[in-house]
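Here is what each chain is made of, one letter per residue.
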Amino acid sequence: SQANFEEDNQKQPAVGHWKTLMPSKGSKEEPETGCQDAGGVDETQSTEQLNMSRLRSSSVEIREKGSEFLKEELHKAQKELKLKDKECERLSKVREQLEQELEELTASLFEEAHKMVREANTKQAASEKQLREALPKIDMLQAEVTALKTLVITSTPSSPNRELHPQLQSPSKAVFRKGHGRNKSTSSAMVSAASQNVTPEPVSHECKEVDSILFAEFQAWKESPTLDKSCSFLDRIYREDVGPCLDFTKQELSELVRVAVEQNTLTIEPVASQTLPLVKVSAEECTGPKKCALSGLPRTCKHRIMLGDSGNYYYISPSCRARITAVCNFFTYIRYIQQGLVRQDVELMFWEVMRLRREMSLAKLGFYPSEM
C-alpha cells in the first residue's frame, strides 16, 4: 500500500500539469497576460453575444414584418376571394334567372304558336264552310240579278210584262212554276222571260193616281234607303201590310217567321223535293203534310219552311205560303233598291212597291193562285 501511495504522489504533477502554473524567474508578467487574454476573450464573447442578439432581434423583426406582410396579403387575398365568390354567386343567379326566363319564353312561344295554328285551322274551317254556303247564294243572286235586269227592261207600269206579272193574265192562260222552291227569301216572280214562251193577251189598263203622302214618304226613303223600320215609309208598310200579312194563329211561330223574313234567312221548298230527315221538331211543330203549322188548320201542305240553319222544318198551307211569298217579294225588291240594282225612275219604282203592297193585301185576304 505504501508503494502504491508513492506511485500516486509521483504521478500527481503529470496529471494536473501544475508545473506550468508555478511562478518562475522572468515570468512575473505572465499572470497579467493571462488576465489580458481572459479579458479579450470575454470582450469577444460579449461582442459575439451582442452580435448574436442583434442578429436574433433583426431576424425576429424580419419575421414579424414578414408575418405582418403575409397576413396583409392573406387578408387581401381573402377579401378578393370573397368578392369573387359574391360575383360568382351573382353571376350564377343571373344565369339561373336567364335560363328560367328562356324556358318561360320558349314555353310561351310554343303555346302561342300552337294557339295561332289552332286559330288558323278554325278560321280556315269556318272560311271553307262559309265558302260552301256562299257558292249557292252567289249562283242564286246572279240568277236574281239577271231576272231583275229582265224585269227592269221589259216591265213598266204602262206596259207590264205579263210573264213577270201573272195576275194580269187570264185564268186559263196563266202560267205558274210548279214545284216552286224558295231559297233564302228569293222572289218567286223573278224568272227569266226568255225561258217562257207565252202569248200575251190584251187586258184593260186600270186607272192609277199617285198618293202624295205615300209618294213623299217613298221619295224620302229613296234618298237614303235603309231597312230600318223606324222610318215613316217602312213603318207604314209594317203596320198596314207586313204585320197583318204575317199574323198567323200560331203567334210564337209567326214571330219567328217574321224575324227570318227580315233577316233573309227563310227557306221555302216543296214537299216533293224533301230529302232531309225531320230532326229536332215535335209532331205539333211539324204537323205533317195534312196540317198547317202556322194556321193550325187541316190543310194539304205542298211546301215546308225552314228558319235559318236550325234544321227545323214546318209544313205550311198554300194560303200561308202565298202570304209569306208576298212579303218576301216586297223585301227582295226594296233590298235591290237599297243595293242600287234598280235603275228606274222614282215613280216607276213607287208603283212597283205599290203593286207588291197590293199582293200582300190580297194574300192577307185569302186570294192566291190555285197552283200554289
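All values reported here derive from a predicted model rather than from experimental measurement.

Draft legend 1. Broad picture of the sheet that holds strand β1 (residues 266-270). Reading across the sheet, the three strands line up as β1-β2-β3 and stay open at both edges, with antiparallel pairing between neighbours. Strands with a single pairing partner mark the edges of an open sheet, and in this sheet they are β1 and β3 (313-316). Mean inter-strand twist for the sheet, computed between neighbouring axes without regard to direction, equals 30°. Inspection of the sheet shows strand β2 (residues 303-307) paired to β3 by four bridges, in the antiparallel sense. Along β3, the bridge assignment pairs I305 with Y314.

Draft legend 2. Region of interest: the pattern of salt bridges. For the structure shown, the criterion picks out twelve salt bridges. For E359, the salt bridge is made with R355, and the minimal N-O distance between the two is 2.5 Å. Linking E359 with R355, this pair stays in helix α8 (residues 346-365), spanning four residues, or about one helical turn. Judged by its relative accessible area of 22%, E359 falls in the partly exposed class. Under the relative-accessibility criterion, R355 is labelled buried at 12%. Via salt bridges that share partners, E217, R236, E240, D241 and R357 belong to a single interconnected network.

Draft legend 3. How the structure looks around the pairing of β2. Of all five residues making up β2, five are buried, and the element is well covered by its neighbours. One ladder, built from five bridges, connects β1 with β2; its direction is antiparallel. When the bridges of β2 are listed, L266 appears paired with L307. If you look at the hairpin formed by β2 and β3, you'll find five residues sitting between the two strands, and G308 has a positive phi there, around 70°.

Draft legend 4. Main features of a nonpolar patch on the surface. Where nonpolar side chains cluster on the molecular surface, the patch consists of L131, L135 and I138 and spans about 270 Å² of accessible area. Within the secondary structure, I138 is located in helix α2 (residues 30-154).

Draft legend 5. Structural detail: helix α7 (residues 318-338). Taking 1.5 Å as the rise per residue, α7 with 21 residues should run 30 Å; its terminal C-alpha atoms sit 30 Å apart, in good agreement. Residue G340 follows α7 closely and has a positive phi angle near 75°.

Basis of the calculations
Residues numbered from 1 in each chain as written. Predicted model: local features only at pLDDT ≥ 70, side-chain atom pairs only at ≥ 80, totals over all residues. Heavy atoms only, no water. Pairing = 2+ DSSP bridges. Helix = DSSP H or I, 4+ residues; strand = E, 2+ residues; numbered from the N terminus. Axes fitted to C-alpha atoms, helices over the stretch in contact; angles between N-to-C directions. Salt bridge = Lys/Arg side-chain N within 4 Å of Asp/Glu carboxyl O. Buried < 20%, exposed > 50% of the residue type's maximum accessible area, 1.4 Å probe, protein only. Patch = residues over 30% accessible without salt bridge, like charges linked within 9 Å, V, L, I, M, F, W, Y side chains within 5 Å. Areas by Shrake-Rupley, 256 points an atom, 1.4 Å probe, with all protein chains shown as cover. Expected span 1.5 Å × (residues − 1).

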